[in-house]
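Now for the letters of each chain:
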Amino acid sequence: MRLFIYVLMTICSLAAVAADPGVILRNVDYTGRRPMKDIGVNRTVFDSLSLRDNVAMSMADVLAYNSSVYVKEHGRASLSTVAFRGTSPSHTQVTWNGMRINSPMLGMTDFSTIPAYFVDNASLLHGTSSVQSAGGGLGGLISLSTAPFAHDGIAAQYIQGIGSFNTFDEFARVTYGNDHWAVSTRVLYSSSDNDFKYRNHDRKENIYDDDHNIIGQYYPEERNRSGAFKDLHVMQELYYDSRRGDRIGLSAWYNSDNRELPLLTVEYGGEMGFENRQRDRVFRSVMSWDHVRSGWKTSLKAGYMNSWTAYDYRREVAEGQMVSMTRSRSRVQTLFGEVSADWIPARRWFVTATLTGHQQLVRSMDRSIAMGSGAAAVIGYDCGRMELSGAVSVKWQPTDRIGLSVVCREELAGYDWSPVIPALFADARICRWGALTAKASVSRNYRAPSLNDMYFMPGGNPSLNHERGMTYDIGLYGAWHRDGVWAFSADMSWFDSYIDDWIQWLPTTKGFYSPQNVKRVHAYGIEFKANGQWAVSSDIKLYMQGSYSWTPSVNAGRHMSAADVSIGKQLPYVPRHSASVTGRITWRRWALEYKWLHYSRRYTMSSNDVAVSGSLVPYFMNNIAIERSFGWPFADLSLKGTIRNLFDEEYLSVLSRPMPGINIQLLVSVTPKF
Amino acid sequence: MMRLLPVALMTLVTLSSCMKWEDGAVTDVAASGNGVFIVCEGNFQYGNATLSYYDPESGHCGNELFYHANGMKLGDVGQSMTIRDGVGWIVVNSSHVIFAVDATTVRERGRVTGLSSPRYIHFVNDRKAYVSQLWDNRIAIIDPESYSVIGHIVCPDMSVESGSTEQMVQCGEKVYVCCWSYQNRIMRIDTASDRVDGVLTVGCQPREIAVDARGKLWVLTDGGYPGSPAGYEAPALYRIDTEEFRVERMFRMEIGNDVSGLCMAENGNMLYWIDGGIWRMPIDSDRLPDAPVIPTRDTKYFGLTVSPYDGDIYVADAIDYQQPGVIYRYTAEGDLTGSFTVGVNPTAFCWK
């Protein structure tokens, strides 16, 4: 029992330190035993400063500026996907309070729909480490969760943000807590015209004479058309802690997004009236019960998700006459259940078992076709799939310095069982200096095709194979500190993975795309992250964190034809180098924050040709913020000004999708004291 | 603390802006000789369509000609090209535009906008052209001189959402149009009145159409796909008598085959198409050939044309659809004589 409590306390203390960078590391006992749950695991934990930096930030922003994953974004409130280690966005599994929230239709997650202020804990499990939580994360797993608000009595916070392009963000949170209960309600409403100006370098406007002869051309300065959005998020949480080892939690989250989809830079139809809009209404809820006893713990979780998405593309065919050209509707319902148990059979042993189930029910109607008979036929699919995932792990620390762990996972998707997914983890403390620890892991992994991959009309391919991955990880971790003065930690890992039967949607001669198992991909590289804090004086504190990854991800498959030159080349839209740095200096009630992000060249062709549209040039993004807080007996107040894209870079994250130049935001945060 | 300031500033400068935007410089392009333009459609929503030109005499292929000649991109999903009186009309489907370019310098002469989703352009005369469209139940009528849409032909029994008109050919005063996506009809348009005056039902999804030396129409259907509400059947080649506007003969192919690339050669006496390999058939044949003239090369051919000058066969290989495609050049006997690289997804050919 003491060991179990010790393990829990160690986890909690590390989490607490990670969650508040304003605290200088002081009392963490690095010479003690490491948490057994994390033996050999490569995990990145996001601190509260990252998650609570700006109410306008989505998780896509948090991930871009605070980790080494690649975030491919189409602009604010537009599709933002995340890819680990040179894999595709569908190879990143995402869980919210344990429930997988990847779209069962697409396989990926749009992180622009997840506001950072609605996430209390976020962490990345890189590569092999994802097997600890779920299968199918060939690149990794992102774990998001909510947590009880640690406050007695009533507390409230209101934040308002006003920014460029008529952007408004309103956030409010009210909490109540006592010894047993914690209740929280939070609401976020964001809206924007999002009509930033940009120079369109992809097209020219013509100047004509009276006879329709072109007498001049120029690159027009345009506004981002059809980029407006209105997003509403409401979250209700309720927690009960018996203080005798039982905890119950309920989190329910509803969001309603109404987003226009921007035009390409090469669009010439914008002069006609049109509507290009996506609407989402998503309800997610998870209820959990933790039952902790001496030497063991059981947990039950149940969840439900209901997601409705509408896509409408309408054009004006005559003055004032708009007609629908695409009217797509989809509804996804997910029933989720999980039972898990942790058991400490002996002092140096730790055993866990988990069984997770997701019942997916999808109804997708992509088009309505008028038949010759006059009847209308709907093109789409209506199907369900049961997805089960069970895992058993055994962790053993033969000595204080060495930890070993084995995980065996088995998954079912529909009627297809995946082969056993094994993962082995090991770590060893090399020396006391910095508690320098080496870690290694290896795992096999399988990802089932998404429901669109299999059943989308037209093009779905029910005969697709599972994607298969094999990953190796080796890393080194260390943390150094001087009590009350400075602390520094660094984590470096090398990974090597092969993914076979990579699924890719390819054109057909019938005018639509269809997925095929086409590639073998070899992704390897280095990930490095570091975090440092320094109390320069009693008034001045410095905080800095950075990450860098080098991720060659090359096509290692067979030639698709004699002329194929893509073998050995970097995959499209995977940067070889990505890096981010966040620095923060505080002086009394002032704080200055600087964020920097870099992605190297991203090819758009599998051959890596640097043709006209063959690549996106590297870019550096710089954001700066200054904040002043005030404290009064009745309330705390914070004023913050942020400048994004400080150097007014003209850059692209995705081909033909313009991104905003320099823009500002002002934030006011009020926290009344009751 | 002050000692750190220069370091911090230096770091800031180093890590800040260094991105340079590369605007396309306009350069002279010469698409000379009796060559062929290749429209490379690129990838949907990438905006990476390009235009190439191959001169068979010199063996030289110029790529990204539209960009070099005009300093701007061609657009999203290049669909087709037609040359009339020294002007090339390039239809860029998802950019909703048709560019008119000089057929030698490739410099823009004008552009037609205000289109729903243009696919092909067919010139009725110097003052009138038809533009077929997807997601629209109308064929646009444009004035080539003013580059403007001057009217529409409404297609009967076709909704906007499932609207689809595709390739067009003309026999006399009549223009014949394939109604393709989720359709099964050939429409006949009277060019004098700009009205549909006849409809003929054929197989599932007629996409490509050609007219032979005898004035007969040849239509290739793709057969649809499994589960399609419009049906799924074996693709077929139809021969249509234009006098009576009826199906004379139907040649059924294997169900599930991907067929495309119908084109006419030898002055309208020989048909070519893609069905795995490259097939050809005399117009008076009463059955499909037993073997292709060019077998498949372990890839899916994406486009096909036959030189009107020497009968050489040009076959487009899109490879993995994400890299510059390759055009293979064969003699009329099916012997490979060379190849050249073009843009991503070469889909349409247009001879000068």
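The structure presented is a predicted model; accordingly, all values stated were derived computationally and were not measured.

## Details of the overall build of chain A
So, step 1. From N to C terminus, chain A includes 4 helices and 39 strands.
So, step 2. Taken over C-alpha atoms, the radius of gyration comes to 26 Å for chain A, in line with the 26 Å a tight globule of 674 residues would show.
So, step 3. Judged by the C-alpha coordinates and their principal axes, chain A covers about 85 × 60 × 45 Å.
So, step 4. Counting all 674 residues of chain A, 43% fall into the buried class.
So, step 5. Taking all contacts inside chain A whose residues are at least 6 apart in sequence as the whole, residues at least 24 apart take part in 63%.

## Here's the deal with the overall build of chain B
So, step 1. The helix and strand tally for chain B stands at 2 helices and 27 strands.
So, step 2. Over its C-alpha trace chain B gives a radius of gyration of 22 Å, about what one expects of a compact globule, namely 20 Å for 352 residues.
So, step 3. Projected onto the principal axes, the alpha-carbon positions of chain B cover approximately 90 × 45 × 45 Å.
So, step 4. Taken over 352 residues, chain B has a buried fraction of 50%.
So, step 5. Within chain B, residue pairs in contact and separated by at least 24 positions form 43% of the contacts whose partners lie at least 6 positions apart.

## Concerning the sheet that holds strand β14 (residues 185-190) of chain B
All names here are of chain B.
So, step 1. If you walk across this open sheet you meet the 4 strands as β12-β13-β14-β15, and the pairing is antiparallel. The sheet terminates laterally at β12 (168-171) and β15 (195-201), the two strands that pair on one side only. Here the strands of the sheet are splayed against their neighbours by 25 degrees on average, with no regard to which way each runs.
So, step 2. Where strand β13 (residues 174-179) lies against β14, 6 bridges are found, and the strand directions are antiparallel. What sits directly across from cysteine 178, in β14, is isoleucine 186.

## As for the nonpolar core
So, step 1. Judged by nonpolar contacts, the single largest core of 101 residues is most densely connected at Ile90(B), Val177(B), Val219(B) and Val315(B).
So, step 2. In this structure Val315(B) touches Ile278(B), Ile294(B), Tyr301(B), Leu304(B), Ile327(B), Tyr328(B) and Tyr330(B), once residues within four positions along its chain are discounted.
So, step 3. Membership of the second largest hydrophobic core comes to 71 residues, among which are Ala64(A), Trp96(A), Leu138(A) and Val521(A).

## A word on the pairing of strand β32 (residues 590-599) of chain A
Residues and elements named next belong to chain A.
So, step 1. Among the 10 residues that make up β32, 7 are buried, leaving the element largely enclosed by the rest of the structure.
So, step 2. Where strand β31 (residues 577-587) lies against β32, 10 bridges are found, and the strand directions are antiparallel. Note on β32: the bridge partner recorded for tryptophan 587 is tryptophan 590.
So, step 3. Sheet topology note: the β32/strand β35 (residues 619-631) ladder contains 10 bridges and is antiparallel. Within β35, the residue paired with tryptophan 590 across the bridge is arginine 628.

## Examining the interface of chain B and chain A
So, step 1. With 62 residues of chain B at the contact, the number on the chain A side is 66 residues.
So, step 2. Listing elements by their share of the side of chain B that touches chain A, those giving two or more residues are α2 (65-70), β7 (108-112) and β25 (324-330) of chain B.
So, step 3. With 4 residues, the single largest contributor to the side of chain B that touches chain A is β7(B).

## Quick word on the sheet that holds strand β20 (residues 259-265) of chain B
Residue and element names in this part refer to chain B.
So, step 1. A sheet is described by the order of its strands in space; here 3 strands give the open sequence β20-β21-β22, paired in antiparallel fashion. Where the open sheet ends on each side, the last strands, each with one partner, are β20 and β22 (277-282). Pairs of neighbouring strands in the sheet enclose a mean axial angle of 20 degrees, with direction left out of account.
So, step 2. Alignment of β20 against strand β21 (residues 270-275), held across 5 bridges, turns out to be antiparallel. Among the inter-strand pairings, serine 260 is bridged to a residue of β21, identified as isoleucine 274.

## Considering the environment of Ala353(A)
So, step 1. Position of Ala353(A) relative to the elements: it lies in strand β20 (residues 349-370).
So, step 2. Look past the residues within four positions of Ala353(A) in its chain and what remains in contact with it is Ser340(A), Ala341(A) and Val392(A).

## Things to note about the confidence of the model for chain A
So, step 1. Within chain A, residue pLDDT values average 91, and 94% of them lie at 70 or more.
So, step 2. In this model, residues 1-32 of chain A is a region of pLDDT below 50 whose contacts with residues beyond four sequence positions or in other chains number 39 contacts.

## Side note on the pairing of strand β18 (residues 236-241) of chain B
Residues and elements named next belong to chain B.
So, step 1. Across 5 bridges, strand β17 (residues 217-221) lies against β18 in antiparallel orientation. Bridge assignment links valine 219 to a residue of β18, and that residue is tyrosine 238.
So, step 2. Two elements, β18 and strand β19 (residues 246-252), share 6 bridges in a ladder whose sense is antiparallel. In the strand pairing of β19, tyrosine 238 is matched with methionine 250.
So, step 3. The hairpin turn running from β18 into β19, its antiparallel successor, is 4 residues long, and phenylalanine 245 in that turn takes a positive phi close to 50 degrees.

## Thoughts on unusual backbone geometry
All names here are of chain A.
So, step 1. The residue after methionine 457, namely proline 458, is reached through a cis peptide bond having omega -5 degrees.
So, step 2. With respect to the helices and strands, the residue proline 458 is situated in the loop between α4 (451-455) and β26 (467-482).
So, step 3. Phi is positive for arginine 85, close to 45 degrees, though the residue is something other than glycine.
So, step 4. In this structure, arginine 85 sits in the loop between β3 (80-83) and β4 (92-96).
So, step 5. Classification of arginine 85 by C-beta neighbours within 10 Å gives buried; the count is 27.
So, step 6. The phi torsion at tyrosine 573 lies on the positive side, around 60 degrees, for a residue other than glycine.
So, step 7. Tyrosine 573 sits in the partly exposed class, given 19 other C-beta atoms within 10 Å.

## Looking at the environment of Ile430(A)
Residue and element names in this part refer to chain A.
So, step 1. If you trace the backbone, isoleucine 430 turns up in the loop between β24 (421-429) and β25 (437-447).
So, step 2. Given 15 C-beta atoms within 10 Å, isoleucine 430 falls into the partly exposed group.
So, step 3. Taking the C-alpha atoms as reference, isoleucine 430 lies 9.8 Å from glycine 478; in sequence the two are 48 residues apart.

Conventions we followed
- Residues numbered from 1 in each chain as written.
- Chains lettered and ligands numbered in written order.
- Predicted model: local features only at pLDDT ≥ 70, side-chain atom pairs only at ≥ 80, totals over all residues.
- Helix = DSSP H or I, 4+ residues; strand = E, 2+ residues; numbered from the N terminus.
- Rg over C-alpha atoms; globule rule 2.2 N^0.38 Å.
- Buried ≥ 20, exposed ≤ 12 C-beta atoms within 10 Å, placed from the backbone.
- Contact = placed C-beta atoms within 7 Å.
- Pairing = 2+ DSSP bridges.
- Axes fitted to C-alpha atoms, helices over the stretch in contact; angles between N-to-C directions.
- Core = buried A, V, L, I, M, F, W, Y, C linked by C-beta atoms within 7 Å.
- pLDDT = per-residue confidence, 0-100.

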